[in-house]
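Summary of structural features
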Amino acid sequence: MVYDKDESEITIEIGNFPDASARSVALKSYIGEDGEAATAVPGGKLHRYVAVSFCLLCILQAALNISLRLALSSPQNIDASCKNLTERDNLRRINFASLAASSAHYFNQGWVYFHDSFYYISSIKKTWQDSRDDCLQRGADLIIINSKEEQEFTRRYKKIMWIGLTDRETEGVWKWVDGTPLTTSFWYFGEPNNYHGRNEDCIEIKYHDNGNSWNDVVCENENLWICEKKMAL
Ligand code: MAN
Ligand code: CA
């Protein structure tokens with residue numbers, strides 16, 4: 001038997017059956033009792049089931065896709081994501097505005113910007129503690145030097161100035177004003193030395209002609225000073 005793909009034509013080939021009754025049984029298995037053809041063909045039914053199931057699956061898939069898309073872009077969802085966006089946007093705007101305001105303030109007050117920090121160089125002299133207090137009042141602190149570049153920056157001014165380094169708490173244990181220990185140092189030759197037994201607990205940058213310019217001195221001395229305010233712009 002040949003069953004055409006488009007189901008429009010059915011050709012039944014009946015082989016050499018031994019007798020008429022066998023031929024009639026064979027025929028009945030392909031042609032219904034009432035003589036109607038087509039639906040009685042088992043291979044065709046399978047084809048049809050597969051095709052119909054496939055179509056149904058496709059429809060189901062499409063329906064799922066559409067409903068998912070609708071669910072994800074529902075007004076509540078859009079509303080929520082917009083809210084998140086505007087909140088984040090507002091935070092960014094506030095941060096940007098405060099950064100702009102602070103940097104404008106420091107620039108106006110004569111601070112210098114270098115490598116993510118503002119620096120203020122005083123024009124009067126004070127003790128180490130009074131100098132530090134002045135920096136704190138300005139929303140900053142005495143400079144913390146943590147790179148060769150920053151050290152070079154301080155030397156440009158060719159002035160003797162306090163920096164934020166001291167061993168006031170424990171003799172010989174040098175600490176920056178933010179509490180961090182000293183790791184990279186730029187001591188001038190022979191320093192620190194508590195010169196002639198003096199209690200030299202505070203650090204000034206003094207020897208500008210030398211990359212290693214630091215000297216320990218008595219904290220009660222009066223010096224210019226340099227404040228630092230970290231601010232990444
Ligand atoms: C002065 C002070 C000391 C320093 C010596 C170096 O006396 O600044 O702190 O160590 O000079 O000669
Ligand atoms: Ca010294």
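Residues numbered from 1 in each chain as written. Chains lettered and ligands numbered in written order. Predicted model: local features only at pLDDT ≥ 70, side-chain atom pairs only at ≥ 80, totals over all residues. Heavy atoms only, no water.

1. What about unusual backbone geometry?
P192 follows E191 through a cis peptide bond whose omega is -5°. Within the secondary structure layout, P192 lies in the loop between β7 (175-176) and β8 (202-205). Here K158, not a glycine, exhibits a phi torsion of approximately 50°, which is positive. On the secondary structure map, K158 appears in the loop between α5 (148-155) and β6 (161-166). For K158, a relative accessible area of 59% gives the class exposed. Positive phi is not limited to glycine here, since N194 has a value of about 40°. For N194, the position within the fold is in the loop between β7 and β8. By relative accessible area, which is 24% here, N194 ends up partly exposed. (Helix = DSSP H or I, 4+ residues; strand = E, 2+ residues; numbered from the N terminus. Buried < 20%, exposed > 50% of the residue type's maximum accessible area, 1.4 Å probe, protein only.)

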